[in-house]
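Listed below, chain by chain, are the residues.
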Amino acid sequence: MGLVREHRGIPCRQQLPHPDDSLGCAVQITARHVRHEIRSVFVLKHAQLLQLPHIHREDLLLHRGAILPYPCKAEKLRSFLAAKPRYGAQPMKLLWTAGLALVSLLVFLSPRAEASVANRVTILYDGFGKPSDLRKDWGFAALIEYEGKRILFDTGNNPEHFAHNVQRLGVDLTDLDFVVISHRHGDHASGLKHLLEVNPDVPIYVPADEYFGGVTPPHFFEHGDASLPPEMRYFDGHPPHDNPHGTPWREANFLRVTAPLEVAPGLRLITTTSQKRGTMELKELSLVIETPSGNVLVAGCSHPGIEPILQEAARSSSTSRFRMLFGGLHLVEASDAEVQATVSSLLDTWRIQELAPGHCSGERTFALLRSRLGQRHVFAGVGTTIPL
C-alpha cells in the first residue's frame, strides 16, 4: 500500500515503493510549520506508532498539517519502512495504542483545528516597511488567512525577492487553497515564476486578460474577405474558434474570471475594467472578504479607481458596509486635489473604519490618512501581519 499524497488540495495517489508493498503507513507531525529539520515524525507501521527522528525539511512535503514524503527524495523514510517488523509480545495492545495515538494526532491536525488559526493578512511584498532582512521592492503580494483558507494575493515584482521574503516569513507556498492575481502588470505577477516552481498545480484566479492565455477576440475574424486568395487570409480563411494568446505561464492552472465569483464561503472576487488614460481597458480583480462586522476589500492597484471598485463590490455583496481596506490605491502620481478627494470619499462617503494602504497609494496618501485616522490608519509595510 502506498501513501496518499494530498497535494495543493487535489487528492491523488502516488506509490512510495519499498520492499513490502503490503505495509500500511501514515505519517503525521505535531507542528504546522517546519523550516529546517523535523524531530518528531510518527510512523504507523506493523501496528506500532514509531518515531522517525531527524528528517530534513527538504525531504518531505508539508500540507495542511501533514508531512508526506516526496517519492523522489524520501530515501531515509524508505530505509526506515524497509526495516524488519517489531511486533513485541502484545500486538493487539500495540495496535490499540498506535491507533489511539494516531487518531489523537489526526484530530489535532484536522481542518477544525486549522480553522482556529487567526484571521489575518500578512504583507509579503512592498516597497516600504520597518527595518528587517526582508527585501523591499516596487510591487505587492499578501497572504490572506480567513476561516481556515489560505489565499495568496499577487506575487510581487521579482521572483528572487518574492522567494526570499516568503522564506524569511515562514510561508509555505505548497499549502495554499488558491491564488489571486489582480492584473497583468509585472510588479504583481512576476513572482508566479517562483510560485509555479514549488506549487505548479495551484488554482490561480486571473482576470479574463489575453496576457494570461485568454483567447483572441473571435470578432477579429468576422469581417473577412472571401475574394482574397487563401494565402492572404487569416488561417487560410478558416480561423479557429479558440485561439489562445501566448503567456509566460502556459502550464499554469489559470481560472479566468469574467463576473463576480464566490470562490469560498465569505470570499468573493469582483472584476472591474479601467477607463483611465494610460490603463484603458485594463482588467483587474479585487477580493471581498465578507466578515460578520462588515466587508474587507483587498485591492491590487486600483487602476479602475478605488471608488468604482467599491461600487462593484457593494453590488455583488450582501452588504455595502466596508470596515477595512487593504492594498494599492493608485494615487502615487495623483494631484493633491485628487488625493484629498479620494481620501474624503473613503472616510466620509464610504465610512471605511480602517485603512491599510500600500504599494501605489503614495506617500502623500499615507500622510493624509495617518493625520485624519490616527490609530485607525493601519501600517501595512512589508512583513506586517494585520488581524482581520
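The residue numbering used here restarts from 1 in each chain and proceeds along that chain's sequence as written. Restriction of local features to residues with pLDDT of at least 70 applies here, the model being predicted, together with a cutoff of 80 or more for giving and counting side-chain atom pairs; totals for whole chains, interfaces and linings are based on all residues. Excluded from the side-chain calculations are hydrogens and water; all other atoms, namely the structure's heavy atoms, are used.

### Things to note about the sheet that holds strand S15 (residues 254–257)
- In spatial order, the strands read S15-S14-S13-S12-S11-S10-S22; together these seven strands make up an open sheet with mixed pairing. Two strands in the sheet have a free side with no partner beyond their single neighbour: S15 and strand S22 (385–387). Neighbour-to-neighbour, the strand axes of the sheet open up by a mean angle of 25°, direction not taken into account.
- Pairing geometry for strand S10 (residues 120–125) and S22, over three bridges, is antiparallel. Two strands qualify as a pair provided DSSP detects at least 2 bridges between them. The secondary structure listing takes helices from DSSP runs of H or I that are at least 4 residues long and strands from runs of E that are at least 2 residues long, numbered from the N terminus. Working convention: axes come from line fits to C-alpha atoms, limited for helices to the stretch in contact. Angles between N-to-C directions cover 0 to 180 degrees.

### Here we look at the pairing of strand S21 (residues 354–358)
- In terms of burial, S21 is largely enclosed, as four of its five residues are buried.
- When the strands point away from the viewer and the path from the first strand over the helix to the second turns clockwise, the crossover is right-handed. In this view, the connection linking strand S20 (residues 322–328) to its parallel neighbour S21 by way of helix H8 (residues 336–349) has right-handed handedness. Exposure classes here rest on a 1.4 Å probe applied to the protein chains alone. A residue is buried below 20% of its type maximum, exposed above 50%, and partly exposed in between.

### Thoughts on the confidence of the model for the chain
- pLDDT expresses how confident the predictor is about each individual residue, on a scale running from 0 to 100. Here the chain averages 78 in pLDDT, while 70% of its residues score no lower than 70.
- By definition, residues are in contact when any of their heavy atoms lie within 4.5 Å. Low pLDDT (under 50) marks residues 84–89, which in the prediction has eight contacts with non-local residues, meaning those over four places away or in another chain.
- Note that residues 107–115 has pLDDT below 50 and, in this model, 13 contacts with residues that lie over four places away or in other chains.

### Quick word on the nonpolar core
- Core analysis: the biggest nonpolar cluster contains 27 residues, and Ile 144, Leu 267, Leu 269, Leu 287, Ile 289 and Phe 326 have the highest contact counts within it.
- Residues within four places of Ile 289 in sequence aside, it is in contact with Ile 144, Tyr 146, Gly 266, Leu 267, Gly 294, Asn 295, Val 296, Val 298 and Leu 388.
- Residue types Ala, Val, Leu, Ile, Met, Phe, Trp, Tyr and Cys, when buried and joined through side-chain atoms within 4.5 Å, form a set referred to as a nonpolar core. The next biggest cluster of nonpolar side chains, apart from the first, holds 24 residues, and it includes Ile 306, Phe 322, Trp 350 and Ile 352.

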